[in-house]
Amino acid sequence: HLSMANPMSYNGGCVMAMKGRNCVAIASDLRFGVQMQTISMEFDKVQQMGPRLFVGFPGLATDTQTVFQRMQFRKNLYELRENKSVRPQTLMNMISNLLYERRFGPYFVEPVVAGLDPISLEPYVATMDLIGCPMEPEDFVVSGTCTEQMFGMCETLWQPDMSPDELFECISQAMLNAFDRDAASGWGCHVYLIERDQVTVRALKARMD
Amino acid sequence: MLADWTQQEVLTGTTIMAVEYNGGVVIGADSRTSSGTYVTNRTQDKLTPLTEYIYCCRSGSAADTQAIADHVRYYLDFSRISQGREPTVRYAAHVMQSILYNNRDNLSAAVIVAGWDEVNGGQVYCIPLGGLLVRQPMAAGGSGSTYIWGHLDAQFKPGMTDTECQEFVAKSVSLAIKRDGSSGGVCRLAVINRSGVQRRIIMHEDLPKSYDG
């Protein structure tokens, strides 16, 4: 069997996020594997970092856990010092900073940030590369081992100003059909729908192959 | 700056298996071919006819195994004419072996030849990488087979009926599909006996269920 090969595809997995009308959605597959062997089907790469703020760290699983833990630490200190909830844009900047600190020996994750601004409730999505170069588009972001497939699905299905129900349907179909074409992703999916007054988590019934 | 998968050969990552029963054989396979991690075909048929009563299950390089199966089919068609009867499964397996063994340095192919003939009934012949030929009552191959050897050893019994064999193969392929990233899609089954071949597809949602942890 191969030794490490490519750290970005060693464990597999994918995350995407989309903007809707006064809402955002973020979704993650559930596979954790070692190259072609699937070890767990319960490894969600998306975690909550605030009442309306979620982050996903697809890539090397050890770095998924470490980067999240280190970001928790920095976010908690920020909120204690500033006495306010961190804004999504600011959190994105903090993650970018954490990753660039490791410019020449990076963490092998390509994060996705999705949330609503705590005050204005403006929807926000962002992604960055493994050394922290940010991208804040107006529509959707994708990251993981099947980005080509996810881009194709998102470009086709996404429209501006979708309602929460439409957004849920859109991101679910985009995820399912993208990771069904990737041997290193899938085995279940969690979709988080974030609105001003509620956050809904749903588990999709997916192919387990 | 081309995508990773465009630089990689198409492989039938795969789970294949074949089981003898009293009166014939049951063969099964998944339906995924991949190029790196990209799934190039999710409905591939890896159960390839060599004659009306003899099939082969293919794993390894898709190009190699398709080309070799075509060659074997040609030789067997010819031998049907020259010998005046259906070729035996043993003969088909030996034809396959001689191609795989003599070209072993240049090929990446492992097959299972299984079928029925008048002389010895249902037979399964396993030809792994390198070109060894061995007859076995039950054989499994491909990357997915490694995940189910324990299950096969624990659950296989000689003298099963046709239906029990089909359930056994479906359950085994289903377990391998779940754990092996290179196997997936549907489970294709075929039963080969005196009356010929009956093929079945079991869709992903109808595969036997197991723990999702």
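Residues numbered from 1 in each chain as written. Chains lettered and ligands numbered in written order. Predicted model: local features only at pLDDT ≥ 70, side-chain atom pairs only at ≥ 80, totals over all residues. Heavy atoms only, no water.

On a plain count of helices and strands, chain A comes out with 4 helices and 12 strands. For a compact globule of 209 residues, the expected C-alpha radius of gyration is about 17 Å, and chain A comes in at 16 Å, within 12% of that figure. Judged by the C-alpha coordinates and their principal axes, chain A covers about 50 × 40 × 25 Å. Buried positions account for 55% of the 209 residues belonging to chain A. At a minimum sequence separation of 6, the contacts of chain A that also span at least 24 residues come to 61%. (Helix = DSSP H or I, 4+ residues; strand = E, 2+ residues; numbered from the N terminus. Rg over C-alpha atoms; globule rule 2.2 N^0.38 Å. Buried < 20%, exposed > 50% of the residue type's maximum accessible area, 1.4 Å probe, protein only. Contact = heavy atoms within 4.5 Å.)

If you look at the interface, chain A gives 20 residues, while chain B gives 24 residues. Roughly 1900 Å² is buried in total at the junction of chain A and chain B, and carbon and sulfur atoms are behind 47% of that figure. Our count for the chain A to chain B interface comes out at 1 salt bridge. Linking B:R32 and A:D209 is a salt bridge whose minimum nitrogen-to-oxygen distance equals 3.4 Å. For the interface between chain A and chain B, the tally reads 11 residue pairs in polar contact (both at pLDDT 80 or more). For the side of chain A that touches chain B, the secondary-structure elements that each account for two or more residues are β4 (37-40) and α3 (147-157) of chain A. (Buried area = accessible area lost by both parts, 1.4 Å probe. Salt bridge = Lys/Arg side-chain N within 4 Å of Asp/Glu carboxyl O. Polar contact = N/O pair within 3.5 Å; in protein donor to acceptor, adjacent residues only side chain to side chain.)

Right, let's get into the nonpolar core. Residue and element names in this part refer to chain A. Counting residues in hydrophobic clusters, the biggest one holds 27 residues, and the most contacted among them are M16, M18, M150, M175 and F179. Mapped onto this core, the elements with two or more residues apiece are β1 (14-19), β2 (24-29), β10 (140-144), α3, α4 (164-179) and β11 (189-194). In terms of residue count, α4 provides more of this core than any other element does, 9 residues in total. Aside from chain neighbours lying at most four places away, what touches M18 is V24, A25, V125, D139, F140, C154, W158, L167, C170, I171 and A174. (Core = buried A, V, L, I, M, F, W, Y, C linked by side-chain atoms within 4.5 Å.)

Once that is clear, we can look at unusual backbone geometry. All names here are of chain A. In this model, N22 sits at a positive phi of 60 degrees, which is unusual for a non-glycine residue. Tracing the backbone through its elements, the reader meets N22 in the loop between β1 and β2. Within the chain, Q35 stands out as a residue other than glycine whose phi angle is a positive 50 degrees. The residue Q35 is located in the loop between β3 (32-34) and β4 in this model. Accessibility expressed as a relative area gives 12% for Q35, which makes it buried.

A few words now on the packing of aromatic side chains. Given two aromatic rings, their pairing is described by the distance between the two centres and the angle made by the two planes. Considering all chains together, one arrives at 6 aromatic pairs over all chains under this definition. Ring geometry for B:F156 against B:F168: centres 6.2 Å apart, planes inclined by 40 degrees, an arrangement best described as tilted. Here B:F168 lies in helix α4 (residues 162-179) and B:F156 lies in the loop between α3 (149-155) and α4, a separation of 12 residues in the sequence. One residue, A:R31, lies across the ring of A:W187, its end atom 5.0 Å from the ring centre. (Phe/Tyr/Trp six-rings, centres within 6.5 Å; stacked < 30°, edge-to-face > 60°. Lys NZ or Arg CZ within 6 Å of the ring centre and 35° of its normal.)

Residue and element names in this part refer to chain A. The sheet built from 5 strands is open, its strands ordered β10-β1-β2-β11-β12 with antiparallel pairing. The outermost strands of the open sheet, each flanked by one partner alone, are β10 and β12 (199-204). Ignoring strand direction, the axes of neighbouring strands in this sheet form an average angle of 10 degrees. Alignment of β11 against β12, held across 6 bridges, turns out to be antiparallel. Paired with Y192 across the bridge in β12 is V201. (Pairing = 2+ DSSP bridges. Axes fitted to C-alpha atoms, helices over the stretch in contact; angles between N-to-C directions.)

All right, on to the UniProt feature "active site" (unreviewed entry) in chain B then. The UniProt record annotates "active site" (unreviewed entry) at B:T14. A polar atom in the side chain of B:T14 sits 2.6 Å from the side chain of B:K46. (UniProt positions renumbered as here; feature names shortened; annotations may be inferred.)

This part takes up the packing of helix α1 (residues 61-82) of chain A against helix α2 (residues 88-100) of chain A. Residues and elements named next belong to chain A. Where α1 meets α2, the closest approach of the two axes is 11 Å, and the angle between their N-to-C directions is 125 degrees. By the angle between their axes, α1 is oblique relative to α2. Crossing of α1 over α2 shows right-handed handedness. Between α1 and α2, the residues in contact are V67, R70, M71, R74, K75 and Y78 and T90, L91, M94, I95, N97 and L98, respectively. Here the contact of α1 with α2 is built from residues that sort into 7 nonpolar, 2 polar and 3 charged. (Parallel < 35°, antiparallel > 145°, perpendicular 65-115°, else oblique. Left-handed = near helix turned anticlockwise from the far one by under 90°. Nonpolar A, V, L, I, M, F, W, Y, C, P; charged D, E, K, R; others polar.)

With that settled, the discussion passes to the state of the cysteines. All names here are of chain B. With the rule as written, the count across this model stands at 0 disulfides over all chains. Of all cysteine sulfurs, the one in C57 lies closest to C56, which takes part in no disulfide; the gap is 7.0 Å. Using a relative accessible area of 1% as the deciding quantity, one classes C56 as buried. With no disulfide of its own, C126 has C57 as its nearest cysteine by sulfur position, at a separation of 9.5 Å. (Disulfide = S-S within 2.5 Å.)

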